Amino acid sequence: MTHNTVLNWPQHLHWEDYYQPLGISEALRLLDEFKGDAKIIAGGTDVLVQMRRRQLSPRVIVDVTRIPGLDQIREEQGTIKVGALVTHSQTEQSLLIREKAPALSEGASHVGSPQIRNLGTIVGNLVSGQPGADTAIPLLALGAAVKLVTANGERTIPLNEFFVDIGKTAIDGTHGLITEILIPAQKRGETSVYLRLASRRALALPILAVCVVLSADLMKKRFRHSSITLGPVARTPTKAVEAEELLKGAPIEEKTIREAARKAAQVSDPRDSLLRGCSDYRKAMAENLVERGIRQCLERLEGIHG
Amino acid sequence: MAKKKVEFVVNGQQVSLEVRQDERLVDVLRNQLGLKGTKTGCREGECGTCSVILNGKIVPSCLVPVMKAEGGTIVTVEGLEQEGELHPLQRSFIEKGAVQCGFCTPGMLLAAKNLLDHNPEPTEGEIRKAISGVFCRCTGYRKIVQAIQAAAEIMKDSR
């Protein structure tokens, strides 16, 4: 990037209007009125950076942070519901999330910095569609879904159908919005872990991140089921399906754990990156982190039962 | 561009301003209110020197559209001093030599104040986490941490 480009970056954000609707229907009406030229923001931490870099140039901003009722985390009949305005800080500190979706709390605690976590939302992190997003990786492993509202009505999309490509998801914030995330609450005998490798502990993109969700019967020394996700190792957050299959009902043994980690690493196809390290290194680390993730899940399960 | 009216409380004072509605809070604070203690560095929320406390939370003011602050309560580094007396954190930063080039200092002070407001007796780890969103490129972190620890002690004794 030349200095010239830097100097050309504008001081102002160059949108024509800034709306702060007080209801979802009003937000949808604004999106409809501007037909693709209006963009939803909540925390705005990604959109403002993209606008500064001229990767995005919406004419109108629809800031939804004043819509009441969307800033709650609650549990209803085994489902944790995270509202569209719930920030990373809120998620990191929520006792409900720590108990029943610990990997999400851990993921949220790694996003950006305390400042960014106070502004940015989990829903925004999902909509940005980055394959290494610290909340997308655990949410995909946890089997979460999002509730999407457009002028055509409401529908629920599971996250395994949500991510389309780098920066591209089933929603782009110009035609609709996500009102909440639905996460199956973890039951007894089930736990999750999020592990992240980065060059520093704050404000550093992950070299690699892994989430392991695991349930096991410790008495019979068998895995029940698992869910393993990795990123950024492909164009979207990635599920290690073969490793999950291998663990299903398998005995809890060194050999199984190592083999599952090896299989999980096979789905990763990370790029050589000056920021994140070379592909070979990152693949080796994928295997390493998955193995560690499985072990930590087992330790947590033992802790709960013991 | 049509200007909009915006009102908020800055350092205890109610202000009412006409602003460009595509402006960032940091630019309004600096250019319209003359509060140049809030620095502008990366303008992408990475460096943390533009940090202010908005409604009790520390945020990067370069990523806050000014309209979002409407009706809010803001504390900038200028708000730390009370009736001509420096805040214990400010005194402590001076005494411990926690200021080198000074560019990160406003963000560091506010991150520390925000921490001590919620957690008056933080551990070293909690201090390091609380200031992790502000970059000190002089890398003078050790003295900054010591200054915050010393200020916490002073504030504890005066409670």
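Going by the structure above, here's the rest.
In this text, all values refer to a predicted model and were calculated from it rather than measured experimentally. Within any chain, residue numbers begin from 1 and follow the written order of that chain's sequence. Lettering for chains starts from A, numbering for ligands starts from 1, and both go in the order in which the items are written. For a predicted model such as this one, the threshold for reporting local features is a pLDDT of at least 70, and the threshold for listing and counting side-chain atom pairs is 80 or more; totals across whole chains, interfaces and linings nevertheless cover every residue. Neither water nor hydrogens contribute to the side-chain values; these are computed over all heavy atoms in the structure.

A. Structural view of the overall build of chain A. The helix count covers DSSP runs of H or I at least four residues long, the strand count covers runs of E at least two residues long, and both are numbered beginning at the N terminus. For chain A, the helix and strand inventory stands at 12 helices and 14 strands. Computation of the radius of gyration draws on C-alpha atoms, with the globule rule given as 2.2 Å multiplied by the number of residues to the power 0.38. Computed over C-alpha atoms, the radius of gyration of chain A comes to 20 Å, within 12% of the 19 Å expected from 2.2 N^0.38 for 306 residues, which places it in the range of a compact globule. Principal-axis analysis of the C-alpha atoms places the extent of chain A at approximately 65 × 50 × 30 Å. Remark: exposure states derive from per-residue accessible area (1.4 Å probe, protein chains only) relative to the maximum for the residue type, with buried under 20%, exposed over 50%, and partly exposed in between. A buried classification covers 56% of the 306 residues belonging to chain A. Residue pairs in contact within chain A that sit at least 24 positions apart in sequence constitute 63% of those at least 6 positions apart. In chain A, which carries 39 positive and 35 negative side-chain charges, the distance between the mean positions of the two groups comes to 3 Å. Should any heavy atoms of two residues lie within 4.5 Å, those residues are counted as being in contact. Residues scored as positive are Lys and Arg, those scored as negative are Asp and Glu, and His as well as the terminal groups of each chain are ignored. Charge positions come from single atoms, namely NZ of Lys, CZ of Arg, CG of Asp or CD of Glu.

B. Just the nonpolar core, in detail. Nonpolar cores are built from buried Ala, Val, Leu, Ile, Met, Phe, Trp, Tyr and Cys residues. Side-chain atoms within 4.5 Å join them into one set. Core analysis: the largest hydrophobic core is formed by 51 residues, its most contacted members being V62, L126, L139, L159, F162, I181 and I183 of chain A. Apart from the residues lying within four places of it in its own chain, the contact partners of L159 of chain A are L126, L139, L140, A144, A145 and V146 of chain A.

C. Structural detail: the interface of chain B and chain A. With 35 residues of chain B at the interface, the matching set in chain A holds 32 residues. When two parts are put together, the accessible area they lose, computed with a 1.4 Å probe and summed over both, is reported as buried area. For the pairing of chain B and chain A, the buried interface totals around 2800 Å² over both sides, and the portion due to carbon and sulfur atoms is 49%. Summed over the three residues of chain B that lose the most area to chain A, namely E44, L63 and K68 of chain B, the buried surface amounts to 23% of that side. When a carboxyl oxygen of Asp or Glu is within 4 Å of a side-chain nitrogen of Lys or Arg, the pair counts as a salt bridge. At the boundary of chain B and chain A, one finds five salt bridges. K129 of chain B is paired through a salt bridge with E92 of chain A; the nearest N and O atoms lie 2.6 Å apart. Pairing of N or O atoms within 3.5 Å defines a polar contact, subject to two protein rules: one partner must be a possible hydrogen donor and the other a possible acceptor, and residues neighboring in sequence count only if both atoms are side-chain atoms. Viewed at the interface, chain A and chain B are joined by 22 residue pairs in polar contact (both at pLDDT 80 or more). Put simply, the parts of the chain that give the side of chain B that touches chain A at least two residues each are helix 1 (25-32), strand 4 (57-60) and helix 4 (124-130) of chain B. Looking at the side of chain B that touches chain A, the element that brings in the most residues is strand 4 of chain B, giving four residues. Polar here means any residue outside two lists: the nonpolar Ala, Val, Leu, Ile, Met, Phe, Trp, Tyr, Cys and Pro, and the charged Asp, Glu, Lys and Arg; Gly therefore counts as polar. Split into classes, the residues belonging to the side of chain B that touches chain A amount to 15 nonpolar, six polar and 14 charged.

D. Spatial organisation of the sheet that holds strand 4 of chain B. All names here are of chain B. When DSSP finds two or more bridges between two strands, those strands count as paired. Taken in spatial order, the five strands line up as 2-1-5-3-4 in an open sheet, and their pairing is mixed. Looking at strand neighbours, the two that pair on one side only are strand 2 (13-20) and strand 4, the edges of this open sheet. Each neighbouring strand pair of the sheet contributes to a mean axis angle of 40°, computed without reference to strand direction. With two bridges connecting them, strand 1 (residues 3-10) and strand 5 (residues 73-75) associate as parallel partners. Orientation is described by lines fitted to C-alpha atoms, with helices fitted over the stretch in contact, and by angles between N-to-C directions that extend from 0 to 180 degrees.

E. Region of interest: the packing of helix 2 (residues 88-95) of chain B against helix 3 (residues 105-118) of chain B. Residues and elements named next belong to chain B. Where helix 2 contacts helix 3, the axes come no closer than 10 Å and their chain directions differ by 130°. One element, helix 2, and the other, helix 3, form an angle in the oblique class. Of the two elements, helix 2 crosses helix 3, and the hand of that crossing is right-handed. Across the interface between the two elements, L89, Q90 and F93 of helix 2 pack against T105, M108, L109, A112, K113 and L116 of helix 3. Partitioning the contact of helix 2 with helix 3 into residue classes produces six nonpolar, two polar and one charged. An angle below 35 degrees is treated as roughly parallel, one above 145 as roughly antiparallel, one from 65 to 115 as roughly perpendicular, and anything else as oblique. Note on convention: the crossing is left-handed when the near helix lies turned anticlockwise from the far helix by less than a right angle, right-handed when the turn is clockwise.

F. Summary view of the packing of helix 2 of chain B against helix 5 (residues 141-157) of chain B. Residues and elements named next belong to chain B. Contact pair helix 2 / helix 5: the axes reach a minimum separation of 8 Å and the direction vectors enclose 135°. Judged by the inter-axis angle, helix 2 sits oblique to helix 5. Crossing handedness for the pair helix 2 and helix 5: right-handed. Contact with helix 2, carried on its side by P88, L89, S92 and F93, involves I144, A147, I148, A150, A151, I154 and M155 of helix 5 and no other residues of that element. Residues belonging to the contact of helix 2 with helix 5 are distributed by class as follows: 10 nonpolar, one polar and no charged.

Read these as spatial facts, not as claims about activity.
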